[in-house]
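Report on the structure
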Amino acid sequence: MISKIRRLTKKVRKPNFPDFYHQPGTIPGTLIIDEDAEAPTIVLFDYNQTNFIRKQIATPEECLNYLDTESVSWVDVQGLGNQDILQRLGKVFELHPLVLEDVVNMGERPKIEDYEDQLLIIARMVVPKETTCGFYSEQVSFVLGKHYLLTVQEEPEHDCFDSVRMRIDKGKGIIRKNGADYLAYALLDAIIDGFFPVLELYGERIEELEEEVILKPTPQTLQQIYQIRQELLQLRRSIWPQRDAINALIRDSSDLISEEVRIYLRDCYDHTVQVMDMVETYRELASGLMDVYLSAVSNKMNEIMKLLTVVSAIFIPLTFVAGVYGMNFNPDKSPYNMPELNWYWGYPVCLALMVAIAVSLLILFWRRGWLANFSSIKHD
Amino acid sequence: MISKIRRLTKKVRKPNFPDFYHQPGTIPGTLIIDEDAEAPTIVLFDYNQTNFIRKQIATPEECLNYLDTESVSWVDVQGLGNQDILQRLGKVFELHPLVLEDVVNMGERPKIEDYEDQLLIIARMVVPKETTCGFYSEQVSFVLGKHYLLTVQEEPEHDCFDSVRMRIDKGKGIIRKNGADYLAYALLDAIIDGFFPVLELYGERIEELEEEVILKPTPQTLQQIYQIRQELLQLRRSIWPQRDAINALIRDSSDLISEEVRIYLRDCYDHTVQVMDMVETYRELASGLMDVYLSAVSNKMNEIMKLLTVVSAIFIPLTFVAGVYGMNFNPDKSPYNMPELNWYWGYPVCLALMVAIAVSLLILFWRRGWLANFSSIKHD
Amino acid sequence: MISKIRRLTKKVRKPNFPDFYHQPGTIPGTLIIDEDAEAPTIVLFDYNQTNFIRKQIATPEECLNYLDTESVSWVDVQGLGNQDILQRLGKVFELHPLVLEDVVNMGERPKIEDYEDQLLIIARMVVPKETTCGFYSEQVSFVLGKHYLLTVQEEPEHDCFDSVRMRIDKGKGIIRKNGADYLAYALLDAIIDGFFPVLELYGERIEELEEEVILKPTPQTLQQIYQIRQELLQLRRSIWPQRDAINALIRDSSDLISEEVRIYLRDCYDHTVQVMDMVETYRELASGLMDVYLSAVSNKMNEIMKLLTVVSAIFIPLTFVAGVYGMNFNPDKSPYNMPELNWYWGYPVCLALMVAIAVSLLILFWRRGWLANFSSIKHD
Amino acid sequence: MISKIRRLTKKVRKPNFPDFYHQPGTIPGTLIIDEDAEAPTIVLFDYNQTNFIRKQIATPEECLNYLDTESVSWVDVQGLGNQDILQRLGKVFELHPLVLEDVVNMGERPKIEDYEDQLLIIARMVVPKETTCGFYSEQVSFVLGKHYLLTVQEEPEHDCFDSVRMRIDKGKGIIRKNGADYLAYALLDAIIDGFFPVLELYGERIEELEEEVILKPTPQTLQQIYQIRQELLQLRRSIWPQRDAINALIRDSSDLISEEVRIYLRDCYDHTVQVMDMVETYRELASGLMDVYLSAVSNKMNEIMKLLTVVSAIFIPLTFVAGVYGMNFNPDKSPYNMPELNWYWGYPVCLALMVAIAVSLLILFWRRGWLANFSSIKHD
Amino acid sequence: MISKIRRLTKKVRKPNFPDFYHQPGTIPGTLIIDEDAEAPTIVLFDYNQTNFIRKQIATPEECLNYLDTESVSWVDVQGLGNQDILQRLGKVFELHPLVLEDVVNMGERPKIEDYEDQLLIIARMVVPKETTCGFYSEQVSFVLGKHYLLTVQEEPEHDCFDSVRMRIDKGKGIIRKNGADYLAYALLDAIIDGFFPVLELYGERIEELEEEVILKPTPQTLQQIYQIRQELLQLRRSIWPQRDAINALIRDSSDLISEEVRIYLRDCYDHTVQVMDMVETYRELASGLMDVYLSAVSNKMNEIMKLLTVVSAIFIPLTFVAGVYGMNFNPDKSPYNMPELNWYWGYPVCLALMVAIAVSLLILFWRRGWLANFSSIKHD
């Protein structure tokens with residue numbers, strides 16, 4: 001096999017960049033298979049208003065019996081680790097080579113494409129991470145036919161389709177009364193709704209950072225703001241083309257989508273716009289946070305400098321006075337040579353002078369409000 | 001009941017984010033009811049040019065007698081705390097499941113949607129807070145039919161429809177001579193006009209901050225600027241889609257809106273654009289304030305550093321001179337060892353030298369204008 | 001009277017915000033009259049190629065004789081302080097209630113609106129202030145009919161129509177040969193041309209600030225830059241919708257505007273674009289000035305810190321040396337205890353050491369160029 | 001004569017603003033003549049594939065013989081100092097008053113306008129200054145007729161048409177075989193090509209500043225960056241409308257432009273886009289330079305502060321130690337009163353202590369890398 | 001030869017600007033030949049499904065036999081150093097003079113142009129540098145005819161067409177079954193795919209800088225960020241017009257492109273958008289890095305100032321205390337003159353006082369967290 005797998009970023013924690021891309025000059029239609037990936041598991045759902053079958057199948061060819069029946073067939077492929085199976089899948093569903101390439105190769109932009117009797121939809125699903133703030137991002141491809149829907153997911157874990165599976169299983173809602181187009185809508189809707197919990201986490205994190213950035217800004221705060229901006233940038237890249245794709249789906253003239261489902265898709269489109277809105281809002285908030293951070297750091301510098309200035313301005317003159325009376329001019333040689341040293345009240349007067357200087361400077365600083373703020377310099 | 005209520009932000013003071021959203025995978029058309037919310041109160045207005053009825057009704061079914069008459073029926077629902085009543089409301093008005101979902105679920109974007117013989121309008125109303133600067137934001141949904149208008153508000157308090165109710169009641173203006181479409185316009189217009197007092201408050205606050213930021217910038221100032229930017233961001237998110245919705249309403253081909261009302265809507269559209277203009281202007285002013293804040297903090301740092309430098313530059317050399325004559329070289333051993341200590345005028349000359357140094361440095365600083373500004377470092 | 005007058009900003013110097021707005025919930029078409037304002041003066045011009053009448057009239061009804069004649073009638077209303085007269089004016093010209101509202105209520109956005117046999121044009125006029133930099137901004141409304149033009153100005157002072165009045169009076173140019181549409185063009189053109197002198201002032205102020213910001217940046221400079229940005233923002237808000245309005249006027253299908261006048265309007269449109277261009281240019285310059293200001297303040301801080309560092313770095317080591325020989329170790333107890341104090345050349349060597357340290361540090365700083373710049377720290 | 005000349009900026013070095021503008025209220029079509037300007041020189045070219053005439057003419061009327069012949073007549077007017085000649089020129093070419101106004105009045109935006117049998121093209125030409133970086137900017141107007149082309153330039157010096165004149169003269173290229181439209185194209189192309197050498201200078205200057213800003217940023221650097229941004233802003237204002245004008249020329253339905261010349265204009269359009277691209281790139285580079293400058297200044301401040309901190313942190317503790325042993329507690333009164341002063345090794349141990357403190361602090365700073373960088377603080 | 005070669009930037013390392021441009025006033029269609037460049041090598045491929053010829057040819061005329069046959073002829077010209085050959089090439093392919101100019105002259109923007117029976121495509125190819133981060137950028141021109149494709153590259157080295165050559169050679173994929181349009185697609189696709197490895201390098205570099213900028217920001221970091229922004233700006237300028245060109249190619253009505261190839265081009269377009277997406281993302285990341293850098297530098301300054309302040313605030317008061325007891329007031333003259341000096345516990349009490357002051361200040365600073373951070377000031 002000619003094609004080679006390249007990963008843009010070896011480190012897993014940065015989900016910013018497409019993981020795979022075409023080696024320049026590969027033949028169009030080439031499948032980029034990460035042979036380390038798990039072999040695909042294929043689950044077949046076949047249902048109509050009355051009947052319901054759900055089974056895991058071993059070979060793509062087993063689908064053939066179901067595809068042309070009136071009942072809706074949903075073939076759900078998870079994992080992309082075996083080229084042979086994917087090729088055979090392409091043959092079973094009579095996929096155009098470019099469709100198969102798009103379905104199999106990760107890192108595509110969300111889009112729809114119309115191939116006569118099939119509709120290719122590429123979407124991107126996000127799932128929040130359990131432990132830390134962040135999310136997994138995964139490509140989901142849909143191939144919608146007259147009576148069937150093929151979905152291909154990058155990895156077997158983390159999908160947000162369980163509620164849809166349950167609705168088919170239990171016959172909840174109107175899903176069993178509708179065709180494959182409604183199923184595609186229901187899955188797309190689940191994908192879009194999956195953005196909200198992820199965004200909720202960012203909303204909470206931004207709120208936390210808002211307090212932190214004003215009360216005790218640290219370099220870690222800075223790093224986190226940058227990190228959030230980076231991740232929101234990625235969310236934005238996922239959701240923008242998705243909106244265009246769903247909009248295209250609504251306007252598409254293909255008769256694979258019924259009029260009624262288009263109304264539902266309009267609802268789904270509204271949610272997509274809402275997600276975009278939130279992403280943009282969070283992005284503006286995060287970039288405002290950066291400004292606030294910079295200002296807060298400057299403020300803290302001011303406080304530090306004020307402390308230094310107050311301490312220096314008070315003690316440097318005092319030290320000078322002490323230095324003067326530490327001079328060794330010889331009082332014996334002349335009545336003008338430091339007669340203070342021999343005065344009866346010399347030392348007390350000198351101390352009183354120092355106290356007077358210190359107090360008047362303190363009053364000066366206090367009236368300028370420089371002293372009031374030191375209590376506000378907190379842990380850094 | 002399957003659907004669950006999730007709140008994006010627990011803290012009430014942050015009105016930035018939609019409070020509710022669909023749990024991923026809920027069935028489309030699911031109503032998200034916050035059972036803690038107050039049960040809806042339903043008020044029915046029925047009027048034509050001569051007659052006028054206003055009564056609170058207990059069950060949605062009581063409306064049925066009024067909906068099909070020629071007179072205009074306005075059913076005003078406030079509060080969303082009871083699912084059963086809302087479901088029955090949907091049945092009475094023959095709402096599409098998605099319409100009912102949009103009406104009931106908060107956090108939708110303003111929009112209009114055309115359902116054959118009904119027009120759904122989602123708007124967002126803001127009401128200024130009494131005590132502090134800020135506002136409540138609430139979704140208002142309109143379902144416009146041939147002879148009726150259904151409005152649904154999130155909460156019973158804070159609406160800005162009183163003047164419209166009064167105009168219907170007293171028969172003021174032309175409202176009683178017109179149909180349900182004019183009523184919808186009048187309410188929308190009241191919503192848009194409700195933005196102005198809120199914006200007025202921001203205008204005043206920005207003016208106050210303008211002075212504060214130049215005269216005595218504090219970290220609190222910074223926090224307030226950030227807060228204002230955040231709230232204006234939210235206002236912007238409310239008003240932009242509203243403009244699009246009203247524009248769509250003007251261009252809409254639906255015959256539920258008469259030509260004459262379209263002319264009035266054009267006026268309403270102008271006001272919306274004016275609100276947007278003001279929001280954008282305030283946003284630019286607020287972001288300019290941030291720049292000014294940063295510069296003002298830098299300026300203050302300059303003043304502090306100048307004070308430190310002046311104090312240090314004057315006293316450090318003097319202290320050095322005092323240090324020199326504090327040295328203990330033995331004058332007895334050599335005529336070159338600190339003969340000054342035994343001079344007759346040694347001490348006075350030394351003091352005079354110190355005064356000369358200090359005065360010449362002060363003159364130097366004064367001519368550079370560094371001394372003139374200390375009076376301007378005010379309370380911080 | 002129901003409607004109440006609200007002013008967004010009490011302070012006159014801030015011309016940023018619309019002065020008046022609708023109290024939420026007022027009936028559409030309500031006139032907002034500031035009863036403190038001056039009563040309107042109405043001047044009627046009636047002319048054709050041969051005849052010319054100019055007279056001040058007391059009641060709007062006096063116009064009636066002139067409106068339907070072939071000659072052009074220009075009714076020029078200045079001041080908005082009397083509701084009764086304005087209502088009667090509306091009746092005389094058969095104005096739609098919304099037109100009358102727009103004409104009378106200040107703070108509208110520039111726009112055109114087409115009402116069958118009338119064209120409403122809202123424009124905004126600026127007049128430079130005599131004493132300080134700044135401008136008055138005033139709304140001018142045009143109602144263009146077949147043979148008449150009604151103009152309504154907010155205040156009697158400061159208009160820029162004198163040259164047009166003079167051209168009508170003296171029969172200069174082609175104004176007397178043309179209809180009401182040409183008159184409307186001529187007035188619009190005068191309004192647009194009125195922006196140039198205002199912009200000229202800003203150009204000069206920005207140039208002055210450019211020098212100031214680099215030579216001696218002060219907090220006042222900062223305040224002025226902010227002020228200019230604010231005022232340019234307001235100019236921008238005035239001119240942008242004006243451009244759209246004039247463009248709409250050119251493209252409008254109304255037969256109230258003749259083809260020839262459209263060619264003249266195209267010229268007027270070009271000037272509007274030129275004004276916008278200049279406003280945008282000045283805005284970019286002013287925002288560039290802010291960057292320069294920030295950098296200049298940082299530069300000055302560098303100079304101050306350098307001075308402090310030079311002074312400290314030179315005198316602190318010297319003071320230390322002096323401190324060492326001020327110690328009281330007893331030379332009698334041991335030959336190792338400060339024998340320098342009893343040396344013959346002890347004190348001169350010590351002084352020489354100090355001079356050597358100071359000179360070598362000075363040379364070091366001089367070679368790094370730190371000393372050369374102190375002459376450039378000027379008055380602040 | 002009514003119109004008056006106003007100059008926005010008296011200082012010649014700032015080419016940012018239109019030099020002239022209409023005094024508000026002047027009659028449309030008024031010519032603004034700077035009577036100090038040089039009187040126009042008029043050069044007539046008349047050529048076809050075989051013949052070629054080039055002569056300077058004194059009165060516009062001399063052109064009349066050539067305009068209607070089949071051969072191409074190019075009337076090249078340079079300088080705008082005589083109103084009478086310009087008026088007669090308008091009569092000879094039968095110019096619409098607004099065309100004459102646009103041609104004569106400087107400071108118009110580039111544009112095209114279609115007047116039945118004439119096409120008005122306003123373009124802006126830039127010529128690099130010989131001595132310093134910068135450029136002259138000059139308006140060139142074209143009036144294109146069936147067999148003639150009138151060009152009007154602001155000043156006689158600095159045009160970039162010599163190569164075109166030479167090509168006509170020598171019969172090079174295909175210019176003699178084509179009509180007036182090709183001539184207009186050739187001149188426009190020369191104008192656009194004239195932007196490249198100007199941009200080349202800015203490219204070089206930016207490269208120089210890139211090095212300067214990182215190695216030794218001074219306030220002069222800042223001023224130069226600001227200057228470049230300002231001049232690029234002006235270039236941008238010249239080239240953007242030019243692009244729109246040329247694009248309009250390509251799409252224009254006028255039959256004064258032949259299909260073949262449109263192909264050439266497409267090429268000219270490409271060059272215009274390329275110029276715009278370069279201007280935008282340079283603008284982004286220049287604004288990036290500002291960021292770099294700010295950061296570089298902060299970096300230098302860090303270095304200065306580090307030096308101060310290192311010097312202070314080392315010598316202040318040492319001075320303290322010296323101060324301790326300069327105290328005068330009486331060792332005779334108590335064995336606890338400064339017995340060190342009488343120790344045999346007192347002074348050497350004290351010196352050793354000081355050296356130990358200094359060395360350990362130096363090691364600390366050295367390991368933090370603070371010492372390594374002082375060699376990099378260069379001349380400022 | 002008239003045309004002259006000008007280079008905008010002499011230094012090779014800056015690939016930001018077009019290397020060549022027209023001397024103002026050159027005749028359109030003039031070829032700008034860099035006579036130092038290598039003479040072109042011409043390689044001819046001629047193939048159909050069964051046959052395949054590949055040979056290097058010496059004169060353009062040798063192509064003539066192949067151009068009109070049904071088999072696909074690919075004439076691949078590399079290097080532009082000989083004007084005569086290029087002129088003859090123009091004649092052989094019957095190129096319009098402007099096409100030849102565009103093909104030969106470097107620095108054009110990517111675009112397509114439709115010339116009846118030929119399609120001109122200008123593209124820009126990037127190839128990563130072997131040693132350092134960076135890339136070579138080279139113009140590739142395509143002239144697509146019915147059965148032939150002419151490609152012209154700027155330089156013989158660094159192209160990314162080898163895989164396509166190999167596919168033709170080995171008969172891999174469907175390339176041999178398709179026409180010249182598919183070949184053009186395959187080459188364009190290889191060009192677009194060639195951007196990914198270049199972007200991968202920037203992704204890695206940005207990740208490295210992310211760590212560096214937070215852990216140890218140096219002026220070199222700043223320079224690198226600026227460098228990356230500059231290079232991404234150039235990539236952006238290369239890819240944006242490419243997208244427009246490919247989009248135009250898909251929508252183009254020319255029958256030189258078959259329907260099937262259009263589907264493949266759609267895929268190529270998707271990749272182009274993906275490249276743009278990545279470039280924009282990297283640009284945002286790089287510009288975010290600049291903000292982080294500025295903040296990190298401020299943070300470091302804070303740390304330095306804190307150290308200075310802590311050291312000064314502790315030792316300056318102590319030095320003052322030592323200074324007081326270094327004063328020479330004469331205890332013999334008065335019981336009030338420094339009796340401490342003669343106390344039995346005088347010195348130990350004084351030392352204890354100093355320790356107490358130091359410890360209490362340290363505790364104060366420690367509780368404010370100022371001490372904890374010094375360990376984090378690392379090498380600079």
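What counts, and where the lines are drawn
- Residues numbered from 1 in each chain as written.
- Chains lettered and ligands numbered in written order.
- Predicted model: local features only at pLDDT ≥ 70, side-chain atom pairs only at ≥ 80, totals over all residues.
- Pairing = 2+ DSSP bridges.
- Helix = DSSP H or I, 4+ residues; strand = E, 2+ residues; numbered from the N terminus.
- Axes fitted to C-alpha atoms, helices over the stretch in contact; angles between N-to-C directions.
- Contact = placed C-beta atoms within 7 Å.
- UniProt positions renumbered as here; feature names shortened; annotations may be inferred.
- Nonpolar A, V, L, I, M, F, W, Y, C, P; charged D, E, K, R; others polar.
- Parallel < 35°, antiparallel > 145°, perpendicular 65-115°, else oblique.
- Left-handed = near helix turned anticlockwise from the far one by under 90°.
- Least-squares fit on C-alpha atoms with pLDDT ≥ 70 in both.

**Looking at the sheet that holds strand E7 (residues 148-153) of chain A**
Residues and elements named next belong to chain A. Spatially, 7 strands are ordered E2-E1-E3-E7-E6-E5-E4 in an open sheet, and the strand pairing comes out mixed. Across the chains shown, the open sheet's two edge strands, defined by having one partner strand only, are strand E2 (52-57) and strand E4 (111-115). The average angle at which neighbouring strand axes cross in this sheet is 15°, direction not considered. Pairing analysis gives 10 bridges linking strand E5 (residues 118-128) to strand E6 (residues 135-144), with the strands arranged antiparallel. Each bridged residue has a counterpart across the sheet, and for Val-127 the counterpart in E6 is Tyr-136. Each of E4, E5, E6 and E7 is contacted by helix H3 (residues 97-104), which is oriented at about 160° to E6, the strand it contacts most.

**A closer look at the UniProt feature "transmembrane region" (unreviewed entry) in chain A**
Residue and element names in this part refer to chain A. The UniProt feature table records "transmembrane region" (unreviewed entry) at residues 307-325 and 345-366. For the annotated span residues 307-325, helix accounts for 95% and strand for 0% of the residues, and the straight-line distance between the end C-alpha atoms is 28 Å. As annotated, residues 345-366 has a helix share of 95% and a strand share of 0%, and its two end C-alpha atoms lie 31 Å apart.

**Some remarks on the sheet that holds strand E6 (residues 135-144) of chain E**
Residue and element names in this part refer to chain E. Taking strand neighbours across the sheet as the criterion, the 7 strands line up as E2-E1-E3-E7-E6-E5-E4 in an open arrangement whose pairing is mixed. If you trace the sheet from one side to the other, it starts and ends with strand E2 (52-57) and strand E4 (111-115), each paired once. Taken over all neighbouring pairs, the strand axes of this sheet differ in orientation by 15° on average, direction set aside. In terms of strand pairing, strand E3 (residues 72-78) meets strand E7 (residues 148-153) through 6 bridges, oriented parallel. Paired with Asp-76 across the strands is Thr-151, a residue of E7.

**Quick word on the interface of chain A and chain B**
Listed as interface residues are 64 residues of chain A and, on the opposing side, 56 residues of chain B. Residue classes in the side of chain A that touches chain B are distributed as 27 nonpolar, 22 polar and 15 charged.

**Side note on the pairing of strand E1 (residues 41-47) of chain E**
Residues and elements named next belong to chain E. For E1 and E3, the ladder comprises 7 bridges, and the chain directions are antiparallel. Across the sheet, the residue bridging to Asp-46 is Ser-73, located in E3. Alignment of E1 against E2, held across 6 bridges, turns out to be antiparallel. Residue Asp-46 lies in a different strand from E2, and its bridge partner there is Ile-53. Taking the residues that link successive antiparallel strands as the turn, the E1-E2 hairpin has 4 residues.

**Side note on the packing of helix H6 (residues 195-215) of chain B against helix H8 (residues 259-324) of chain B**
Residue and element names in this part refer to chain B. Where H6 contacts H8, the axes come no closer than 10 Å and their chain directions differ by 15°. In terms of their interaxial angle, H6 and H8 are classed as roughly parallel. For H6 against H8, the interelement crossing comes out left-handed. Across the interface between the two elements, Phe-195, Leu-199, Tyr-202, Gly-203, Ile-206, Leu-209, Glu-210, Val-213 and Ile-214 from H6 touch Val-275, Met-278, Val-279, Tyr-282, Leu-285, Ala-286, Leu-289, Val-292, Tyr-293 and Ala-296 from H8. Residues that form the contact of H6 with H8 fall into these classes: 17 nonpolar, 1 polar and 1 charged.

**Concerning the relation of the copies chain A and chain B**
For these two chains of identical sequence, chain A goes onto chain B by a turn of 72° and a shift of 0.0 Å along the axis, with RMSD 0.2 Å. Taken together, these values place the two copies in the relation of a five-fold axis. Among all C-alpha atoms of chain A, that of A:Gly326 lies closest to the rotation axis, at 4.4 Å. Different-surface contact between copies: only 16% of interface residues of chain A are shared with the interface of chain B.

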